[in-house]
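# Summary of the model geometry
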Amino acid sequence: IAITNLNFRTTVDDIYYAFSKFGEITECRLILSERNESKGFAFITYKRAHDANAALDQMNGFKIDGREIKVGRPK
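A brief report on the enclosed structure follows.

Conventions we followed
- Residues numbered from 1 in each chain as written.
- Predicted model: local features only at pLDDT ≥ 70, side-chain atom pairs only at ≥ 80, totals over all residues.
- Heavy atoms only, no water.
- Pairing = 2+ DSSP bridges.
- Helix = DSSP H or I, 4+ residues; strand = E, 2+ residues; numbered from the N terminus.
- Axes fitted to C-alpha atoms, helices over the stretch in contact; angles between N-to-C directions.
- Contact = heavy atoms within 4.5 Å.
- Salt bridge = Lys/Arg side-chain N within 4 Å of Asp/Glu carboxyl O.
- Buried < 20%, exposed > 50% of the residue type's maximum accessible area, 1.4 Å probe, protein only.
- Phe/Tyr/Trp six-rings, centres within 6.5 Å; stacked < 30°, edge-to-face > 60°.

Before going further, it helps to examine the sheet that holds strand 6 (residues 70–72). Taking strand neighbours across the sheet as the criterion, the 4 strands line up as 2-3-1-6 in an open arrangement whose pairing is antiparallel. Two strands bound the open sheet, and with one partner strand each, they are strand 2 (25–32) and strand 6. Direction aside, the axes of adjacent strands within the sheet are offset by 20 degrees on average. When strand 2 meets strand 3 (residues 38–46), the two strands line up antiparallel, connected through 6 bridges. Directly across from Ile25, in strand 3, lies its bridge partner Tyr46. Packing against the sheet, helix 2 (residues 49–59) makes contact with strand 3 and strand 6, and its axis sits at approximately 145 degrees to strand 6.

The next thing to look at is the pattern of salt bridges. This structure, assessed with the given rule, holds 3 salt bridges. Notably, a salt bridge pairs Glu24 with Lys47, separated by 3.9 Å at the nearest N-O pair. Remark: Lys47 occurs in the loop between strand 3 and helix 2 and Glu24 occurs in the loop between helix 1 (12–19) and strand 2; sequence separation between them is 23 residues. Among the residues examined, Lys47 registers a relative accessible area of 54% and is labelled exposed. The residue Asp51 makes a salt bridge to Arg48 at a minimum N-O spacing of 3.1 Å.

Attention now goes to unusual backbone geometry. Positive phi is not limited to glycine here, since Asn5 has a value of about 65 degrees. On the secondary structure map, Asn5 appears in the loop between strand 1 (2–4) and helix 1. Asn5 sits in the partly exposed class, given a relative accessible area of 29%. The residue Asp65 is not glycine, and still its phi comes out positive at about 55 degrees.

Okay, the packing of aromatic side chains next. Throughout the structure, instances matching the rule amount to 1 aromatic pair. Arranged with centres 6.0 Å apart and planes meeting at 90 degrees, the rings of Phe41 and Phe43 form a pair that is edge-to-face. Classification of Phe41 by relative accessible area gives partly exposed; the value is 29%. The class for Phe43 is partly exposed, based on a relative accessible area of 25%.

As structure tokens, this is what we get:
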């Protein structure tokens, strides 16, 4: 799952907490700049496809740290 429009203060732990309710996460990666600052997007991999589908269905438009996130499949 690709997550965009993240607040630049959002951490990996924040993302993991918000998305772990759908199932077991095998990878949660926040993309950082050369300065180790968030670029505002992240990727999550679930162990089971149906867990990823549930997160895709329910998390688009969800607010994390005051920002409405966008959730989709990576391109």
